[in-house]
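Commentary on secondary and tertiary structure
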Amino acid sequence: MRTLIKDLSSAKGEQVVVKGWIDVRRDQGKMVFLDIRDVTGKVQAVVLPNHTEALEIAQKVRPEWVVSVTAQVNARPPKNVKEGVINGDIELEVLGIEVLNEAETPAFDISTDGYEVGEEVRLTKKYLDNRRARIQRNIKMRHKVNLFIREHLNKENFLEIETPLLTNPTPEGSRSYIVPSRVSPGTFYALPQSPQQYKQLLMSSGFEKYFQIARCMRDEDTRGDRQPEFTQLDIEMSFVEQKDVMKVNEDLLIKLVTELFPEKKIQQVPFPVLTYKEAMEKYGSDKPDIRENKDDKNLLAFCWVIDFPAFEKTGEDNVDGAGEWTFTHNPFTGVKEESKNDFLEKKNIGEIISTQYDIALNGSEIGGGGIRLHKADELKKVFEIMGYEEERIEKNFGQMLMAFREGTPPHGGIAWGLDRLLMILLNEPNIREVMAFPKTGEGKDLLMQAPAPASAKTLRELKIEIKK
Ligand code: ASP
């Protein structure tokens, strides 16, 4: 029976089997000290001269070898107790060592926080990098945050529903990754930029409160802190107004921080609400950093930004429309009551205010959403303003128009950038540090060596020819 390292302290005087990695080995000739590590912690072990067989093996083992150790759990003499350190009050007396696997000398030091190691090198052996204490903590906290969100939203009667990954493009202002279909050569699926359309269709399906910890894929040009795939907490609710969605999210964020990050202070509760205009005038940013003390690592200044313009002039990187105007956030966002007339009459386009709300934290946008349009003729207006032909609207968004004509309730939602939120909560400099297997800024997975050319056979089956 294996004993986890975290439980050793309560096994004083017993004989145990511990399995894990050699963290550190100190050979003192007559005896060898080993720090042994498993997923739950570390413990110091000593191999004394009288256990000759174990001593011989202990002299051979090296850091990162995987071992099974039979040992006696001894209380440390009071003068040797290390206060506040896990297992600081015990030491293992090794009786036997079985080597489960050897390990080459690690390509880089994993005993440090790792910031000093080149990132390319770390990503090439990310499985190894993940063994360092900092990344272990980050990934464990990520799990706790996900679990907390699930439990909280479950209590609030949300349903977690998975939506397809192989689908058709849904616009979020980016390019979609496409996947060729072998069965219907010449046709392609798109990977979702977000579950936007499906989550709205779920409202049409009558589920009323949906969430998903959803993977989103966006094919963007290299931008330092963007990842081609990232995780959103995606939420949608029926029969709600702006204040209702904001309340649900604010409650969840406050509880999550209080419970899982007790060292953090939230600057202001309820979160301040700024209009887009105020944010731009006062802070020159639509994700303002309103912290009173920017040196305080534990200060969290959340704020909402509302009343965004619904449309903006198409810029150069516009990928969705050919017209003069495009949506600022996504085309499904509604417009405020006071802008309804302008919107329906397609005038004063630049002044139309949307029902979008974003949430910023310490100068980063960590989420955004809106109350949606839920009537077909109103959704069509958006695309008309963008200069789409009738045919294109029906072709790309026919499914939404159809659902909106068949009893879709008023609804709204939000999505959080979970990676970015975690990055801030864990005081990390970039989102790659909170992901188990991130890609480089150029979208490469250096460990799996993706993307990679497809084999000639695959291309033949897909009826795809690569132009040189
Ligand atoms: N789908 C939006 C996004 O990914 C968020 C939302 O409006 O719910 O940015």
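Since the model is a prediction, treat every value here as computed from it, not as a measurement. (Residues numbered from 1 in each chain as written. Predicted model: local features only at pLDDT ≥ 70, side-chain atom pairs only at ≥ 80, totals over all residues. Heavy atoms only, no water.)

**Examining the site of the ligand**
Taken together, Glu 172, Ser 194, Gln 196, Lys 199, Arg 218, Gln 232, Asn 330, Gly 368, Gly 369, Arg 372, Ile 414 and Ala 415 make up the full set of residues adjacent to the ligand. Contacts to the ligand include Ser 194, whose side-chain N or O atom sits 3.3 Å from a nitrogen atom. Protein coverage of the free-state accessible area of the ligand, which is 270 Å², stands at 88%. If you map the ligand onto the pockets, it falls in the largest pocket. Every element with two or more residues in the shell around the ligand is listed here: helix 5 (196–204), strand 18 (364–371) and strand 19 (411–417). Residue composition of the shell around the ligand, by class: two nonpolar, six polar and four charged. (Near = heavy atom within 4 Å. Polar contact = N/O pair within 3.5 Å; in protein donor to acceptor, adjacent residues only side chain to side chain. Areas by Shrake-Rupley, 256 points an atom, 1.4 Å probe, with all protein chains shown as cover. 1 Å grid on protein atoms, 1.4 Å probe; cavity = no way out; pocket = protein on both sides within 12 Å on 5 of 7 lines; lining within 4 Å. Sits in = over half its atoms within 2 Å of the grid points. Helix = DSSP H or I, 4+ residues; strand = E, 2+ residues; numbered from the N terminus. Nonpolar A, V, L, I, M, F, W, Y, C, P; charged D, E, K, R; others polar.)

**Some points on helix 11 (residues 418–425)**
Of all eight residues that make up helix 11, seven are buried, and the element is covered over most of its length. Within helix 11, burial applies to Leu 418, Asp 419, Leu 421, Leu 422, Met 423, Ile 424 and Leu 425. Looking one or two residues beyond helix 11, the residue adopting positive phi is Asn 427, at roughly 50°. (Buried < 20%, exposed > 50% of the residue type's maximum accessible area, 1.4 Å probe, protein only.)

**Some details on empty space enclosed by the protein**
For the structure on display, the rule yields three cavities of 30 Å³ or more. Taken as a whole, the largest cavity encloses approximately 80 Å³ of empty space. Looking at the largest cavity, it is lined by 14 residues, and the ones nearest its centre are Ala 310, Phe 327, Asn 330, Thr 333 and Ser 354. Residue composition of the lining of the largest cavity, by class: seven nonpolar, seven polar and no charged. Roughly 50 Å³ of internal volume is contained in the second largest cavity. Lining the second largest cavity are Glu 119, Arg 122, Leu 123, Lys 126, Ile 135, Arg 432, Glu 433, Met 435 and Pro 438. No other element matches the three residues that helix 2 (residues 119–124) contributes to the lining of the second largest cavity. Here the residues of the lining of the second largest cavity are counted per class, giving four nonpolar, no polar and five charged. (Points joined across faces, edges and corners; volume = space filled by probe spheres on them.)

**Overview of the packing of helix 4 (residues 133–155) against helix 6 (residues 242–260)**
Viewed as axis vectors pointing N to C, helix 4 and helix 6 meet at an angle of 135°, and their least axial separation amounts to 11 Å. Between helix 4 and helix 6, the crossing angle belongs to the class labelled oblique. Where helix 4 crosses over helix 6, the two elements pack in a sense that is right-handed. Of the residues in helix 6, those touching helix 4 at Met 141, Lys 144, Val 145, Phe 148, Ile 149, His 152 and Leu 153 are Val 248, Leu 252, Lys 255, Leu 256, Glu 259 and Leu 260. Tallied by class, residues from the contact of helix 4 with helix 6 come to nine nonpolar, one polar and three charged. (Axes fitted to C-alpha atoms, helices over the stretch in contact; angles between N-to-C directions. Parallel < 35°, antiparallel > 145°, perpendicular 65-115°, else oblique. Left-handed = near helix turned anticlockwise from the far one by under 90°. Contact = heavy atoms within 4.5 Å.)

**A look at the sheet that holds strand 12 (residues 273–275)**
What the eight strands build is an open sheet, ordered 6-9-10-19-18-17-14-12; its pairing is mixed. Pairing within the sheet leaves two strands with one partner each, and these edge strands are strand 6 (159–160) and strand 12. By the bridge criterion, nine bridges tie strand 9 (residues 209–217) to strand 10 (residues 229–238) in an arrangement that is antiparallel. Directly across from Ile 213, in strand 10, lies its bridge partner Leu 233. Each of strand 9, strand 10, strand 17 (356–361), strand 18 and strand 19 is contacted by helix 11, which is oriented at about 50° to strand 19, the strand it contacts most. (Pairing = 2+ DSSP bridges.)

**Some thoughts on the pattern of salt bridges**
Per the stated rule, a full pass over the model turns up 39 salt bridges. Among the ionic pairs, Asp 419 bridges to Arg 142, the shortest N-O distance being 2.9 Å. A residue pair is termed long-range when its members are at least 10 positions apart, and Asp 419 in helix 11 and Arg 142 in helix 4 qualify at 277 residues. Per residue, the accessibility class of Asp 419 equals that of Arg 142, and both read buried. A salt bridge links Lys 346 to Glu 384, with the shortest nitrogen-to-oxygen separation between them at 2.8 Å. Placement of Lys 346 in the loop between helix 8 (340–345) and strand 17 and of Glu 384 in helix 9 (residues 376–385) is noted, with a sequence separation of 38 residues between them. Glu 384 gets classed as partly exposed once you look at its relative accessible area, which sits at 28%. (Salt bridge = Lys/Arg side-chain N within 4 Å of Asp/Glu carboxyl O.)

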